[in-house]
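Letter by letter, the chains look like this.
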Amino acid sequence: MLKNRRSLLRAFLCSLAGGVFFAALCMSGALYAQDSYLADALYQRAKPQDGNIVLINIDQKSLDELGPFASWGRALMGDVIHKLNEEKENAPAVIALDVLYVGESDDPEGDSYLAAQCAAGCPVVTACAGTFGTQLSENEDGSFYMDGYALTAYDEPYEELKNATWQGHINSMFDKDGILRHGIWQIDLPDGSKIPSFYRQIYELYCEQKGQKADTVPYYDGNYCYYIPFQGKPGAYSDGYSVVDLLNGDIDPESYAGKIVLIGPYAAGMQDDFATAIDHAGKMYGIEYQANMIDALIHGETKREAPRYWQALAVLLLTTVWGLFFYNRSLLPSTAGWLAVLAGYTGICLVAYDKGWILSPLYLALSVTVLFVCSMAANYMRAALEKRRVTATFQRYVAPEIVSELLKEGSDAQMLGGKLCNIAVLFVDIRGFTSMAEAMQPEEVVQILNRYLTLTSECIFENGGTLDKFIGDCAMAFWGAPLPQEDSIYKAVKTAFDVLERSKALKSTLQEKFGAAVDFGIGIHYGPAVVGNIGAKNRMDYTAIGDTVNTAARLEAAAPGGNIYVSHAVVEALEGRVRFDSLGDSIQLKGKAAGFEIFIAQELLEKKDCEGGEE
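Conventions adopted
Residues numbered from 1 in each chain as written. Predicted model: local features only at pLDDT ≥ 70, side-chain atom pairs only at ≥ 80, totals over all residues. Heavy atoms only, no water. Salt bridge = Lys/Arg side-chain N within 4 Å of Asp/Glu carboxyl O. Helix = DSSP H or I, 4+ residues; strand = E, 2+ residues; numbered from the N terminus. 1 Å grid on protein atoms, 1.4 Å probe; cavity = no way out; pocket = protein on both sides within 12 Å on 5 of 7 lines; lining within 4 Å. Points joined across faces, edges and corners; volume = space filled by probe spheres on them. Nonpolar A, V, L, I, M, F, W, Y, C, P; charged D, E, K, R; others polar. Pairing = 2+ DSSP bridges. Core = buried A, V, L, I, M, F, W, Y, C linked by side-chain atoms within 4.5 Å. Buried < 20%, exposed > 50% of the residue type's maximum accessible area, 1.4 Å probe, protein only. Contact = heavy atoms within 4.5 Å. pLDDT = per-residue confidence, 0-100. Patch = residues over 30% accessible without salt bridge, like charges linked within 9 Å, V, L, I, M, F, W, Y side chains within 5 Å. Areas by Shrake-Rupley, 256 points an atom, 1.4 Å probe, with all protein chains shown as cover. Lys, Arg positive; Asp, Glu negative; His and termini not counted. Charge placed at Lys NZ, Arg CZ, Asp CG, Glu CD. Axes fitted to C-alpha atoms, helices over the stretch in contact; angles between N-to-C directions. Parallel < 35°, antiparallel > 145°, perpendicular 65-115°, else oblique. Left-handed = near helix turned anticlockwise from the far one by under 90°.

A. How the structure looks around the pattern of salt bridges. This model, assessed by the stated rule, comprises 20 salt bridges. Among the salt bridges present, the one from Arg181 reaches Asp177, with a minimum N-O distance of 2.9 Å. Close ionic contact of Asp519 with Lys507 constitutes a salt bridge, the shortest N to O distance being 3.1 Å. One end of the pair, Asp519, is in strand 19 (residues 519–536); the other, Lys507, is in helix 16 (residues 488–514), with 12 residues separating them in the sequence. Connected through salt bridges with shared partners, the residues Asp40, Asp175, Asp177 and Arg181 form a single ionic network.

Here it is, written out as C-alpha cells:
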C-alpha cells in the first residue's frame with residue numbers, strides 16, 4: 001500500500017510538473033505561430049454569401065484596356081461613380097473606393113469632378129491610412145516611454161474629396177507569421193479624433209441606408225485590434241465584374257441596386273493581396289478582405305479570444321488530471337482516453353467558437369499528447385523492468401515455461417505475501433551421504449553433492465515442478481503453484497521415479513571412483529498449503545508452508561534409500577495409473593496421529609510426459 005501511494009505521488013508530481021511547463025508555455029506564447037495555424041484550420045470556415053456586397057474590380061482586363069492604373073485620371077473614377085448612380089432606382093446603397101486619393105493632382109478639374117460625383121449620389125466612402133512605428137511618447141504625468149504602436153503619419157483624401165465623402169482607414173494588422181488574422185476597429189489621431197475602419201464606416205452607412213441599427217461591435221484590445229472571423233475564401237465575393245465592364249454598360253444595374261459596391265485593385269501587379277487566416281496559400285485582394293469584414297459585421301459575427309491566463313489554468317489542471325489517468329495504464333485505455341481528450345476538446349473549441357469565444361486549440365492537445373507518449377514509454381520501461389524482476393525472482397525456482405506464464409502477471413507475482421492452494425510436495429534426500437563425506441576431501445564432497453542436486457533439479461524442471469530449496473543434501477519441490485497445473489500429483493510421482501532411474505548411472509560412477517555410493521529417499525504428499533514470497537522485503541523466499549509440506553518431509557525422512565513413500569491422498573488421486581503397496585500404519589510419522597497409512601510407489605503403470613500427454 002505504501003509503495004502504491006509513493007508511486008501515485010510520483011505520478012502526480014510528474015503530471016503537475018508537466019502541467020506547469022505547458023501552462024507556462026501557453027502564457028509565454030512561444031508556439032503562437034503553430035497555435036494560430038491550428039486555430040485557422042479549425043475555426044476559419046467559408047459561409048454562403050447573401051449577395052449584399054458587389055465587387056467592381058480594377059483587374060487585369062481593365063488595366064489592359066485603360067492602361068496602367070497610375071495613368072488613370074481621377075475623372076475616370078468620377079465616371080465610374082456616375083455610372084453607378086446613373087439610374088436612381090438601381091443605385092447602390094453605399095459605394096466604397098478602396099484607393100488612396102491623397103493630395104491634389106495636376107488635373108484640378110478631374111479632382112473636382114470626382115468629388116462632385118461622390119457628393120451627387122449615394123454615400124461614398126473613401127480610404128485613408130495611418131503609418132505606425134516606434135517613437136518616444138510622453139505620459140500624462142510627464143514621464144516618457146517607448147510606444148511601439150505609435151501613429152507616425154496619416155494620409156487622407158484631398159480636401160474637396162474629403163468633404164464630399166465619408167472616410168475609413170484601410171490599415172491591416174498582420175501577425176508575426178505574416179498572416180492577416182486581426183483587424184483594427186479604429187485609430188486615434190493626435191488631435192483626439194477617431195477614424196473608423198473602412199469596413200466599419202461602410203457597415204454603419206449601409207445600416208443607416210437600410211433603416212437598421214449598426215449594433216455589431218467586436219471585442220478589441222487596447223490598440224483596437226480584434227480577431228477576424230472570415231466569411232469567405234479568396235474569390236468568394238467576386239462575380240468577375242470589372243471597371244471596364246461597368247463603363248461599357250456590360251453590368252446589369254439591378255445586380256448592384258441597393259447593395260454595397262466595393263471598388264479596388266484586383267490584379268496581382270497592384271500589390272494589394274496577402275495571405276489570410278482562412279487560406280494561407282491563396283492570396284486575398286484588399287477589397288475581398290473588406291468584403292469579409294463588412295459581411296461579418298452585417299451578420300453579427302464577432303469572436304473574442306479567451307484570456308490567456310484562463311487557458312493556461314485549464315492546461316495546468318487538465319494536464320495534471322490526464323497525466324494521472326495515463327499513469328500505469330495499458331495501451332488500449334490510454335489510447336482511447338487520449339483520443340477522447342483530443343476529440344472532446346476539439347468539440348469544446350468548436351462550440352465555444354460558435355458562442356463567440358476563441359480557445360487555443362494547441363496547448364492542451366499538445367500537453368496531453370506529450371504526456372500520453374511519455375506515459376506509454378514509461379509504462380513500457382516499467383513493464384520491462386518488472387519482467388526482469390519477475391524473471392530474476394522465479395528463474396531460480398521454476399521451469400522456463402512457468403516463468404513465461406508468470407511474466408503475464410507482472411509485478412503482482414513478486415509481491416510479499418502468499419495464497420492458499422492445493423499442491424503436490426516432494427522431498428528427496430541423499431541416504432548415506434554424511435558418512436561417505438567423512439572419508440572424502442571437501443572438494444570431492446562438493447563435487448558429488450552438486451552432481452546429485454543437479455540430477456534432482458533437472459528431473460524437477462523437466463516435469464514442470466517448482467524447486468523450492470536445497471537444505472544441505474535434501475531438496476524440496478512442489479507442483480500446482482505458482483500457477484495451477486494439470487495432473488500435478490502424477491508429475492510429482494513421475495519426478496521421483498526419474499530421480500531414482502537416473503541415479504543408477506551416477507551410483508555406478510561413484511562406486512568405481514570412490515568405492516562407495518548413495519541412494520535417495522523420497523516422500524510425496526498432496527494437500528493445501530500457503531505458497532508465496534515469504535520473509536522480509538529485503539530478503540524473501542518463494543516457498544510453501546503448512547501441514548502438507550511437513551507431512552511430505554516426514555514421509556521422506558521415513559523412506560529408506562531407493563524408496564518413494566506417499567500418502568493416501570496421492571494414492572487416491574493416481575489409482576490405476578501407479579502401482580502402490582500399502583505399509584498400513586506400521587510406521588509412525590512424527591507429528592501424526594496413529595492410523596496414518598503410508599504407501600510405497602512401486603511402478604508407473606501409465607507413462608506420461610511432463611505436459612500430461614501420452615509418451
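B. Region of interest: the layout of surface pockets. Looking at the largest pocket, its volume works out to about 570 Å³. If you go around the largest pocket, you meet 30 residues; those closest to its centre are Tyr32, His182, Tyr227, Glu305 and Arg308. Residue assignment for the lining of the largest pocket shows that the elements contributing at least two residues are helix 2 (32–43), strand 6 (173–174), strand 7 (180–184), strand 10 (225–227), strand 14 (304–305) and helix 10 (308–326). Here the lining of the largest pocket gets 6 residues from one element, more than from any other, and that element is helix 2. Along the lines of polarity and charge, the residues of the lining of the largest pocket split into 16 nonpolar, 4 polar and 10 charged.

C. Geometry of the pairing of strand 17 (residues 466–471). Bridge count between strand 17 and strand 18 (residues 474–479): 5 bridges; the pairing is antiparallel. For Ile471, the partnering residue across the bridge sits in strand 18 and is Cys474. In this antiparallel pair of consecutive strands, strand 17 and strand 18, the connection spans 2 residues, and Gly472 shows a positive phi of 65 degrees.

D. Examining the nonpolar core more closely. Ile53, Leu55, Tyr199, Ile202, Leu262 and Tyr289 are the most contacted members of the largest nonpolar core, which totals 45 residues. A per-element tally of this core places helix 7 (residues 198–209) first, with 7 residues. Formed by 44 residues, the second largest nonpolar core is a distinct cluster that contains Val445, Cys459, Val518 and Val570.

E. Examining the side chain of Ser360 more closely. For Ser360, the location among the structural elements is in the loop between strand 15 (357–358) and helix 12 (363–394). Contact partners of Ser360, with chain neighbours within four places excluded, come to Asp35, Gln311, Tyr345 and Cys349.

F. Inspection of the confidence of the model for the protein at higher detail. The pLDDT averaged across the protein works out to 86; a share of 88% of its residues lies at or above 70. Here helix 13 (residues 400–407) stands out as the element of the protein with the lowest mean pLDDT, 53, in contrast to strand 2 (residues 94–97), whose mean of 97 is the highest. In the model, residues 411–416 has pLDDT below 50 throughout and makes 17 contacts with residues more than four positions away in sequence or in other chains. Across residues 609–615 the pLDDT falls below 50, and counting only partners more than four positions away or on other chains, this stretch makes 16 contacts in the model.

G. Quick peek at a negative patch on the surface. Together, Glu87, Glu89, Asp252 and Glu254 make up a negatively charged patch on the protein surface. The residue Glu254 is located in the loop between helix 8 (243–247) and strand 11 (260–265) in this model.

H. Up close: the packing of helix 7 against helix 9 (residues 286–298). In contact at an axis separation of 9 Å, helix 7 and helix 9 are set at 45 degrees when each is read in the N-to-C sense. In terms of orientation, helix 7 and helix 9 fall into the oblique class. The way helix 7 lies across helix 9 gives a crossing that is right-handed. Contacts between helix 7 and helix 9 involve Phe198, Tyr199, Arg200, Ile202, Tyr203 and Tyr206 from the former and Tyr289, Gln290, Met293, Ile294, Leu297 and Ile298 from the latter.

I. Structural view of empty space enclosed by the protein. Within this structure, the stated rule accounts for 1 cavity of 30 Å³ or more. Its volume calculated, the largest cavity comes out at about 60 Å³. Lining of the largest cavity is provided by Pro218, Tyr226, Tyr227, Pro229, Met293, Ala296, Leu297, Glu301, Thr302 and Lys303. Broken down by secondary-structure element, the contributors of at least two residues to the lining of the largest cavity are strand 10 and helix 9. The dominant element in the lining of the largest cavity, judged by the number of residues it contributes, is helix 9, at 3 residues. Broken down by class, the residue content of the lining of the largest cavity amounts to 7 nonpolar, 1 polar and 2 charged.

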